[in-house]
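Coordinate inspection notes
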Amino acid sequence: MAQTPGKITIQADGTLSVPDCPVIPFIEGDGIGPDIWRATRKVLDAAVAAAYGDRRRIEWKEILAGEKAAAATGQWLPPETLEAVREYVVAIKGPLTTPVGGGIRSLNVTLRQELDLYACVRPVRYFNGVPSPVKHPERVDMVIFRENTEDVYAGIEWEEGTPEARKVIDFLSREMGAGLRPDSGIGIKPISRTGTRRLVRKAIRYALDNGRRSVTLVHKGNIMKYTEGAFRTWGYELARDEFPDETLTETELWDAHGGRAPAGKVVVKDRIADAMFQQVLLRPDEYDVLALPNLNGDYMSDALAAQVGGLGMAPGANIGDGFAVFEATHGTAPKYAGQDKVNPGSLILSGALMLEYLGWTEARDRIHAGLERAIAGKRVTYDLARQIEGAVEVRCSEFADAIVAAL
Ligand SMILES: NC(=O)C1=CN([C@@H]2O[C@H](COP(=O)(O)OP(=O)(O)OC[C@H]3O[C@@H](n4cnc5c(N)ncnc54)[C@H](OP(=O)(O)O)[C@@H]3O)[C@@H](O)[C@H]2O)C=CC1
Ligand SMILES: O=C(O)CCC(=O)C(=O)O
Ligand SMILES: [Mg+2]
């Protein structure tokens, strides 16, 4: 029976109450956004129908941001858009363009900060048949927990030559002995105990709830001692304070357990970021959940995506306390805008992650299986076709149709 649309709500214990026909706002996005969103919506609707018949469906509600919003309202991020996400709790978005070197600040970052979506969660796993530059892509199965509200993304910076930059340089040179060049641009990198602890708490909770073996804190704390180094310190501190019986350090793992963690326990370890980039290439099976400050997490997301098929296959979510906005890892890929060409897999998988967040795991599983079957059929978008021998390149919309046919 057709369902009446209703709102998702956050209950007193923090869990979601999801009606059978939730209203879910979507932002189409800039650049390739409209193409991949059209494809994604079709796959999500078909997967829900295949899994639940007419017992469940999603009532989509468009909300505006980016170029479409600016053209329609004169505002890049209208307040009603933020209000709609607060009202309906869960939303999904296409990518939004951020100009380089000037112009508006990132709308993506603003959304995350305004809605306090403090964890950027990006699962990186391999789907059979996807081309990869590494020998054993099936060994890559990591979940990135990237701090999403602070670090250099806080947007506290001053352009070289402005009175503000001069004032900060004068202060730092005179009062703090910093000795900065007068023609410097200045950026501030705040990393807080609060921001770190809540991110690491979410990462450890996730690891425990999902049978993951380790959480690795990835930092550059040897150089940035009081920001990234503190991220490491506070991460271990949080594990000790809040999960004393469920976590152990690497030292404890070897000293007390001969290198094999007892069932149900999560190893909390840390790696310096530069070394970690080669570790995930050479020994990916030793890493599981990663917790990172914002910038490290941004870099790591795209690097790991490359190992499992590229940005066309990299989903993500911005999650706070209940509220969540799902989006691909990649951006607007402007050179492909409006060509119905790129891989919608990343946004489709973000949608699958959203279904999982709603508890609709049967529909999620249909999408994973459908995607794998469509890839096995070797009729794939350009990014996969150029790497799979014997593959035929199809359009973004045709790839979505192939997934729907394989659900
Ligand atoms: N959350 C968001 O909304 C994000 C927004 N952005 C913004 O996007 C804009 C463009 O950024 P840019 O650095 O070019 O990075 P993009 O991620 O947009 O694209 C870089 C390259 O990645 C590949 N790619 C990206 N998406 C897909 C896809 N769906 N299918 C297949 N290949 C894909 C393409 O590679 P190839 O050229 O090899 O075909 C593309 O040229 C910037 O304004 C940036 O700020 C960036 C990241 C996230
Ligand atoms: O906001 C942007 O334009 C880029 C953001 C980004 O690269 C990311 O979140 O991975
Ligand atoms: Mg990025």
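Residues numbered from 1 in each chain as written. Chains lettered and ligands numbered in written order. Predicted model: local features only at pLDDT ≥ 70, side-chain atom pairs only at ≥ 80, totals over all residues.

Taken together, 20 residues sit near ligand 1, with Pro95, Thr98, Gly312, His330 and Gly331 positioned nearest. For the shell around ligand 1, a count of residues per class yields 8 nonpolar, 10 polar and 2 charged. (Near = placed C-beta within 6 Å. Nonpolar A, V, L, I, M, F, W, Y, C, P; charged D, E, K, R; others polar.)

Okay, the site of ligand 2 next. The immediate surroundings of ligand 2 are formed by Thr98, Ser106, Asn108, Val109, Asp298, Ser301, Thr329 and Gly331. Elements with a minimum of two residues in the shell around ligand 2: helix 4 (107–114) and helix 10 (294–307). By residue class, the composition of the shell around ligand 2 is 1 nonpolar, 6 polar and 1 charged. (Helix = DSSP H or I, 4+ residues; strand = E, 2+ residues; numbered from the N terminus.)

Attention now moves to the UniProt feature "domain: Isopropylmalate dehydrogenase-like" (unreviewed entry) in the protein. As annotated in UniProt, the feature "domain: Isopropylmalate dehydrogenase-like" (unreviewed entry) corresponds to residues 23–403 in the numbering used here. Secondary structure content for residues 23–403 is 43% helix and 16% strand, and the end C-alpha separation is 24 Å. (UniProt positions renumbered as here; feature names shortened; annotations may be inferred.)

Take the sheet that holds strand 3 (residues 23–27) next. Reading across from one edge, 4-3-5-15-14-6-7-13-10-12-11 is the order of the 11 strands in this open sheet, with mixed pairing throughout. Pairing within the sheet leaves two strands with one partner each, and these edge strands are strand 4 (59–62) and strand 11 (247–249). The sheet shows a mean angle of 25 degrees between the axes of neighbouring strands, direction not considered. Judged from the 2 bridges that link them, strand 3 and strand 5 (residues 90–93) form a sheet pairing that is parallel. When the bridges of strand 5 are listed, Phe26 appears paired with Ile92. (Pairing = 2+ DSSP bridges. Axes fitted to C-alpha atoms, helices over the stretch in contact; angles between N-to-C directions.)

Turning to the domain arrangement of the protein, a few remarks are in order. Domain parsing of the protein yields domain 1 (1–126 + 312–407), domain 2 (133–149 + 191–307) and domain 3 (151–189). A C-alpha centroid distance of 26 Å is found between domain 1 and domain 2. Taken residue by residue, the interface counts 17 residues in domain 1 and 21 residues in domain 2. Taken together, the elements giving at least two residues each to the side of domain 1 that touches domain 2 come down to helix 4 and strand 6 (119–125). The dominant element in the side of domain 1 that touches domain 2, judged by the number of residues it contributes, is strand 6, at 7 residues. A class-by-class count of the residues in the side of domain 1 that touches domain 2 yields 10 nonpolar, 3 polar and 4 charged. (Domains from an automatic or database assignment. Contact = placed C-beta atoms within 7 Å.)

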